Amino acid sequence: MSHRLVRRVRRWSPPSRRRLMRALRRAVIAATVLAVLAVAAVATALRAEYAGSPAAAGRTRGHDAVWLGHAWVDGRRTAADLAELRTRVAGTGIRDLYVHTGPLAHDGTLDPGLHPTAARFVADVHRVLPGVRVQAWLGDTVARSGSSGLHLGDPAVRSRVDGSCAQVLDAGFDGVHLDVEPVPNGDAGFLALLDTVHRLTEDRGVPLSAAVPQIDPLPGLHTVAYLPFSHPKWWAQAYFGQVARRVDQIAVMAYDTAMPTSSLFGGYVAQQTGLALAVTPRSTDLIIGLPGYHTSNMGHHAYAETVAAAVRGARVALARHDRDRRTFGLSLYVDFHSTAGDWAAYRRGWGTEGGTP
């Protein structure tokens, strides 16, 4: 081999291990810096959402709600429990109780044996809390990727769900609160179900409400965050608006955000509230869910996701985007986990009927 050829081979020989490691470290550092900058930008944006005066939003509009557990309709709750509920609800802006009455069977039917004391509970609420409505909270898992659950694309299933809604209205409930999960963004079967049930509730003169996921905090996030085996976390804002136009109340489950601090969580709730306000018609009550529970896991940090932070975030957004809107409320999730402190934060932050926050 000539001297010239040797030099050429050396020039084109593979890079050394040391050079590869240096390049890899530089790439990792660059990626880390970009990730840190992205997180910092998101944190700055959410803190900006949280800034401002919540006082400009005023006080409760009397369109609030609370989710109640199944024990209220299966005989486990007592007269003393009802008296405590009355104390907590009286004088607030709570107009609706979403009481868990299901679950629905996967074929859409509802076992009447699941709610044996429902009629008595509704009558008792009407007696001790005049003007407060009791809605039947019905739900089930939605089938997808071969899993069992409700097949919302099947007209027969939707018809049976409609029949179950008629069943609870016949039992005395003042409305229907649907919470079927997970509904993927753009699901046509869910829209068809809402159209069907809304015809029923309109004929009966009662409200139809729905508990729904959050809106994409970044455009199109639902598409990159979605996996066939995962639980859809977000909807596109446009699809959220389609759902909002088909119901009388739309309740955003604005929790389980994985936010690590109260200010970031409050900013996230403010962002969600603003996005929802933009596409929810004034004929529909927009309800923002409050995290009245204290379990901690990867998706929910109880020390950060507080009722106080959620109330402030919702109020700041309302003041910023639509302060004169009357069809707006908050809903505490859920009664059997909520503490006296959670209820106090709701009253203190959002105010009571006839008072100011």
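Keep in mind that what you see is a predicted model, and the values were worked out from it rather than measured.

A. Inspection of the pattern of salt bridges at higher detail. For the structure shown, the criterion picks out twelve salt bridges. A salt bridge links Glu49 to Arg320, with the shortest nitrogen-to-oxygen separation between them at 3.3 Å. Highlighted residues: Glu49 in helix α2 (residues 17-50) and Arg320 in helix α10 (residues 307-321), separated in sequence by 271 residues. Classification of Glu49 by relative accessible area gives partly exposed; the value is 23%. A residue is classified by how much of its surface remains accessible, and Arg320, at 38% relative accessible area, is partly exposed. A salt bridge links Asp335 to Arg77; its shortest N-O distance comes to 3.4 Å. Highlighted residues: Asp335 in the loop between β10 (328-333) and α11 (340-350) and Arg77 in the loop between β1 (64-68) and α3 (79-89), separated in sequence by 258 residues. Residue class for Arg77 comes out partly exposed when judged on its relative accessible area of 28%. Taken together, the salt bridges that share partners define one network made up of Arg95, Asp96, Arg133 and Asp285.

B. Expanded view of the packing of aromatic side chains. By the definition in use, this model includes eleven aromatic pairs. Measuring from centroid to centroid gives 4.8 Å for Trp235 and Tyr239, while their planes differ by 80 degrees, and the two rings are edge-to-face. We classify Trp235 as buried; its relative accessible area is 1%. Centroid distance Tyr255 to Tyr293: 5.8 Å. Interplanar angle 85 degrees. Geometry classified as edge-to-face. Linking Tyr255 in the loop between β8 (249-252) and α9 (262-279) with Tyr293 in the loop between β9 (285-291) and α10, this pair joins segments that are 38 residues apart in sequence. Take Tyr255: its relative accessible area is 6%, and that puts it in the buried class. Owing to a relative accessible area of 7%, Tyr293 belongs among the buried residues under this scheme. Pairwise contacts between aromatic rings join Trp67, Tyr98, Trp137, Tyr255, Tyr293 and Tyr333 into one cluster. Across from the ring centre of Tyr50, 4.8 Å away, lies the NZ or CZ of Arg312, which sits over that ring.

C. Structural detail: the pairing of β8. Residues Gln249 and Ala251 point to one face of β8 and Ile250 and Val252 to the other, with burial holding for every one of them. Where β8 meets β9, four bridges bridge the pair, whose relative direction is parallel. The residue bridging Ala251 from the neighbouring strand is Ile287, located in β9. A crossover links β8 with its parallel partner β9, the connecting element being α9, and its sense is right-handed.

What counts, and at which threshold
Residues numbered from 1 in each chain as written. Predicted model: local features only at pLDDT ≥ 70, side-chain atom pairs only at ≥ 80, totals over all residues. Heavy atoms only, no water. Salt bridge = Lys/Arg side-chain N within 4 Å of Asp/Glu carboxyl O. Helix = DSSP H or I, 4+ residues; strand = E, 2+ residues; numbered from the N terminus. Buried < 20%, exposed > 50% of the residue type's maximum accessible area, 1.4 Å probe, protein only. Phe/Tyr/Trp six-rings, centres within 6.5 Å; stacked < 30°, edge-to-face > 60°. Lys NZ or Arg CZ within 6 Å of the ring centre and 35° of its normal. Pairing = 2+ DSSP bridges. Right-handed = clockwise from strand over helix to strand, strands pointing away.

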